[in-house]
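Here is what each chain is made of, one letter per residue.
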Amino acid sequence: MSHRVAVYPGSFDPIHNGHLDIIERCRPLYDELIIAVLANEAKKPLFSDAERVEIIGELVSGIPECRVESFSGLLVDYMESRGAQVVVRGLRAVSDFEYEFQMALMNRHLNPRVETVFMVPREEYSYLSSRLVKEVCRLGGNLDGLVPEAVLSRLTRRLRTETPGGTPVQP
Ligand code: PNS
């Protein structure tokens, strides 16, 4: 059987436990899993692509068949350059479907050899998004069990001490 390479692309700004759950779930299904971080400064990410790659790299360092890279340009071109056949995307709720469906069909139009596989995270992560994680952290809310410690510490530093208007960390 041929070497099966899957790409899990996203902004991952920042990665949260829902993303990590998807990584855990798809890892036994492929020989190689590349987590592909979109490098797009136009989206004004909180963390640079180098920072996001570093954070995810730390979190998946114990998984030999998994690595992380940043990419720019078309996802299908990046996949071609890595010999990957499968795009993995998480589907949390029906509200994700339309956007994901459009992307899957556009990617198929651009390269009919690319297949998109949707994976469903654990229910307790179905409401989780990077946008909400940042908002809750900025306003001083509790993110226990929703992001790994490596993310929480960086988020707290970035949003509550380095960002004007963030809720200061209690001494
Ligand atoms: O985590 P996100 O922001 O929902 O991820 C979106 C991502 C990175 C998968 C998507 O924006 C993407 O693939 N961008 C690369 C540009 C591209 O290929 N666009 C056309 C495909 S629809």
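Counting of residues starts from 1 at the beginning of each chain's written sequence and follows it residue by residue. Reporting in this predicted model follows two pLDDT cut-offs: at least 70 for local features of residues, and 80 or more for side-chain atom pairs to be given and counted; totals over whole chains, interfaces and linings ignore these cut-offs and use all residues. For the side-chain quantities, the full set of heavy atoms in the structure was used; hydrogens and water were omitted.

Asker: Can you walk me through the site of the ligand in this structure?
Answerer: Neighbouring the ligand are 13 residues; Ser11, Lys43, Leu75, Arg89 and Asn107 lie closest to it. In the analysis that follows, any N or O atom pair within 3.5 Å is treated as a polar contact, provided that within protein one partner can donate a hydrogen and the other can accept it, and provided that, for residues neighboring in sequence, both atoms belong to side chains. Taking Tyr99, its side chain carries an N or O atom lying 3.3 Å from an oxygen atom of the ligand. To measure how exposed things are, a 1.4 Å probe is used in the Shrake-Rupley method; for residues, cover is taken only from the protein chains shown. If the ligand stood free it would expose 540 Å²; the protein chains cover 77% of that surface. Lining residues are those with an atom within 4 Å of a point, where the points come from a 1 Å grid over the protein atoms alone and group into cavities, where a 1.4 Å probe fits but cannot get out, or pockets, open sets with protein on both sides within 12 Å along at least five of seven lines. Molecules are considered to sit inside a cavity or pocket once more than half of their atoms lie within 2 Å of its grid points. When atom positions are compared with the pocket grids, the ligand is found to occupy the largest pocket. Of all the secondary structure elements, the ones that give two or more residues to the shell around the ligand are β1 (5-10) and α4 (94-110). To qualify as a helix, a DSSP run of H or I must reach at least 4 residues; to qualify as a strand, a run of E must reach at least 2; elements of each kind are numbered from the N terminus. The dominant element in the shell around the ligand, judged by the number of residues it contributes, is α4, at three residues. Nearness is judged by heavy atoms alone; a residue qualifies as near a molecule or strand once a single heavy atom is within 4 Å of it.

Asker: How should I be thinking about the sheet that holds strand β5 (residues 115-119) in this particular structure?
Answerer: Within a sheet, adjacent strands bond to each other through the backbone by hydrogen bonds, running parallel or antiparallel. Any two strands between which DSSP finds at least two bridges are classified as paired. Within the open sheet, the five strands sit side by side as β3-β2-β1-β4-β5. Their pairing is parallel. The open sheet has two edge strands with one neighbour each: β3 (66-71) and β5. Going across the sheet, the axis of each strand differs from the next one's by a mean of 30°, ignoring polarity. In this sheet, strand β2 (residues 32-38) lies alongside β1 in parallel orientation, the contact comprising six bridges. Fitting a line to C-alpha atoms yields each axis, with helices limited to the stretch in contact; the angle taken between N-to-C directions then spans 0 to 180 degrees.

Asker: Help me understand the packing of aromatic side chains in this model?
Answerer: Both the distance between ring centres and the angle between the ring planes are used here to describe each pair of aromatic rings. Classification of ring pairs rests on two measures: the distance between centres of Phe, Tyr or Trp rings, Trp counted by its six-membered ring, which must be within 6.5 Å, and the angle between planes, read as stacked under 30 degrees, edge-to-face over 60 and tilted in between. Using the criterion set out here, one finds three aromatic pairs in the structure. For the pair Phe97 and Phe101, a centre-to-centre distance of 5.1 Å together with 25° between the ring planes defines the contact as stacked. One end of the pair, Phe97, and the other, Phe101, are both in helix α4, four residues apart, so they sit about a helical turn from each other.

Asker: Explain the packing of helix α2 (residues 49-59) against helix α6 (residues 149-161) here, please?
Answerer: A packed helix pair is summarised by two numbers, namely the angle formed by the two axes and the spacing between the axes. At a closest axis distance of 10 Å, the pairing of α2 and α6 adopts a crossing angle of 155°. On the basis of the axis angle, α2 is roughly antiparallel to α6. Between α2, through Glu51, Glu54, Ile55, Glu58 and Leu59, and α6, the contact on the second element is made entirely by Ala150, Val151, Arg154 and Arg158. Of the residues assigned to the contact of α2 with α6, the class counts are four nonpolar, no polar and five charged. For classification purposes, an angle smaller than 35 degrees is called roughly parallel, one larger than 145 roughly antiparallel, one from 65 to 115 roughly perpendicular, and anything else oblique. The contact criterion used is simple: two residues touch if any of their non-hydrogen atoms lie within 4.5 Å. When residues are sorted by character, Ala, Val, Leu, Ile, Met, Phe, Trp, Tyr, Cys and Pro go into the nonpolar class, Asp, Glu, Lys and Arg into the charged class, and all the rest, Gly among them, into the polar class.

Asker: Looking at this structure, how should I read helix α5 (residues 130-138)?
Answerer: Each full turn of the α-helix corresponds to 3.6 residues, which orients residues three or four apart in the same direction. Working definition: with a 1.4 Å probe on protein chains only, accessible area under 20% of the residue-type maximum means buried, over 50% means exposed, and in between means partly exposed. Those residues of α5 that sit buried are Ser130, Val133, Lys134 and Cys137. Here the buried residues of α5 occupy an arc of 95° about the axis, which is enough to place them on one side. Contacts from the buried residues of α5 go to α1 (17-26) and α6. Of the residues flanking the end of α5, it is Gly140, one or two places downstream, whose phi is positive at about 85°. What the arc measures is the spread of directions leading from the helix axis to the C-beta atoms.

Asker: Is there a simple way to think about the nonpolar core in this case?
Answerer: Soluble globular proteins: nonpolar side chains tend toward being buried together. The nonpolar core is taken to be a set of buried Ala, Val, Leu, Ile, Met, Phe, Trp, Tyr and Cys residues, with the residues joined through side-chain atoms within 4.5 Å. Ranked by internal contacts, the top residues of the largest apolar core, which has 33 residues, are Ile15, Ile23, Ile35, Ile56, Val88, Leu143 and Leu155. Secondary-structure elements contributing two or more residues to this core are β1, α1, β2, α2, β3, β4 (86-90), α5 and α6. Not counting residues within four places of it along the chain, the set of residues in contact with Ile35 comprises Tyr8, Phe12, Ile23, Ile56, Val60, Cys66, Arg67, Val68 and Glu69. Core analysis: the next-biggest nonpolar cluster, separate from the first, contains 12 residues, Val5, Val7, Ile34 and Met79 among them.

Asker: I keep staring at the packing of α5 against α6 and nothing clicks. Help me out?
Answerer: At a closest axis distance of 9 Å, the pairing of α5 and α6 adopts a crossing angle of 60°. Relative to α6, the element α5 is oriented oblique. Like other packed secondary-structure pairs, α5 and α6 cross with a definite hand, here right-handed. The segment α5 lies against α6, with Val133, Lys134, Cys137 and Arg138 engaging Leu155, Thr156, Leu159 and Arg160. A class-by-class count of the residues in the contact of α5 with α6 yields four nonpolar, one polar and three charged. Rotating anticlockwise by less than a right angle from the far helix to the near helix defines a left-handed crossing, while the corresponding clockwise rotation defines a right-handed one.

All we've got here are geometric facts, nothing functional implied.
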